[in-house]
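So you can see what is in the structure, the chains are spelled out below.
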Amino acid sequence: EVKPYIFHMSWTSNKDNKLLFLQQMGEWWVKDLCLEKSRSEIYESATEDAADAPSDLVQACCSAEPMFQCHFRDKPSMVPCKGSPPIDANKPSWW
């Protein structure tokens, strides 16, 4: 069963930080292959890496699992990111 929802992050400085925070919270599902690319660029990249071209953009771009990555120890995260630097100076781990 699909349960779509909308999550808006208005407190970030810029689009780059939004991506980092979404990755860290386990709420990013888009493969790097598809970031900031047109449909034709995505298909060209996918066919270079795989024998078969993807049948659609969902197959090419969407991950079945979140594209999690730690970035900052002092911000919310899916798992502890204690080994990552803080984004705000002298802040302790969020965990």
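This is a predicted model, so every value here is computed, not measured. (Residues numbered from 1 in each chain as written. Predicted model: local features only at pLDDT ≥ 70, side-chain atom pairs only at ≥ 80, totals over all residues. Heavy atoms only, no water.)

K.L.:
Explain the state of the cysteines to me, please; I cannot follow it from the model alone.
P.N.:
Two cysteines form a disulfide when their sulfur atoms are joined by a covalent bond. Applying the stated criterion to the full structure yields two disulfides. A sulfur-sulfur separation of 2.0 Å characterises the disulfide bridge that pairs Cys 34 with Cys 61. An S-S torsion of about -90° defines the bridge between Cys 34 and Cys 61 as left-handed. With Cys 34 in the loop between helix H1 (15–24) and helix H2 (39–49) and Cys 61 in helix H3 (residues 57–61), this pair connects stretches of sequence that are 27 residues apart. Given a relative accessible area of 9%, Cys 61 falls into the buried group. Here Cys 70 pairs with Cys 81 through a disulfide, and the sulfurs are 2.1 Å apart. (Disulfide = S-S within 2.5 Å. Helix = DSSP H or I, 4+ residues; strand = E, 2+ residues; numbered from the N terminus. Buried < 20%, exposed > 50% of the residue type's maximum accessible area, 1.4 Å probe, protein only.)

K.L.:
How should I be thinking about a nonpolar patch on the surface in this particular structure?
P.N.:
There is a patch of nonpolar side chains on the surface, built from Tyr 5, Phe 7 and Trp 29 and spanning about 360 Å² of accessible area. Note on placement: Tyr 5 falls in the segment before H1. (Patch = residues over 30% accessible without salt bridge, like charges linked within 9 Å, V, L, I, M, F, W, Y side chains within 5 Å. Areas by Shrake-Rupley, 256 points an atom, 1.4 Å probe, with all protein chains shown as cover. Salt bridge = Lys/Arg side-chain N within 4 Å of Asp/Glu carboxyl O.)

K.L.:
Explain the packing of aromatic side chains here, please?
P.N.:
To describe a pair of aromatic rings, you give the distance between the ring centres and the angle between the ring planes. Within the structure shown, the criterion is met by two aromatic pairs. With 5.5 Å between their ring centres and 85° between their planes, Trp 94 and Trp 95 make a pair best called edge-to-face. Its relative accessible area of 46% is what places Trp 94 among the partly exposed residues. (Phe/Tyr/Trp six-rings, centres within 6.5 Å; stacked < 30°, edge-to-face > 60°.)

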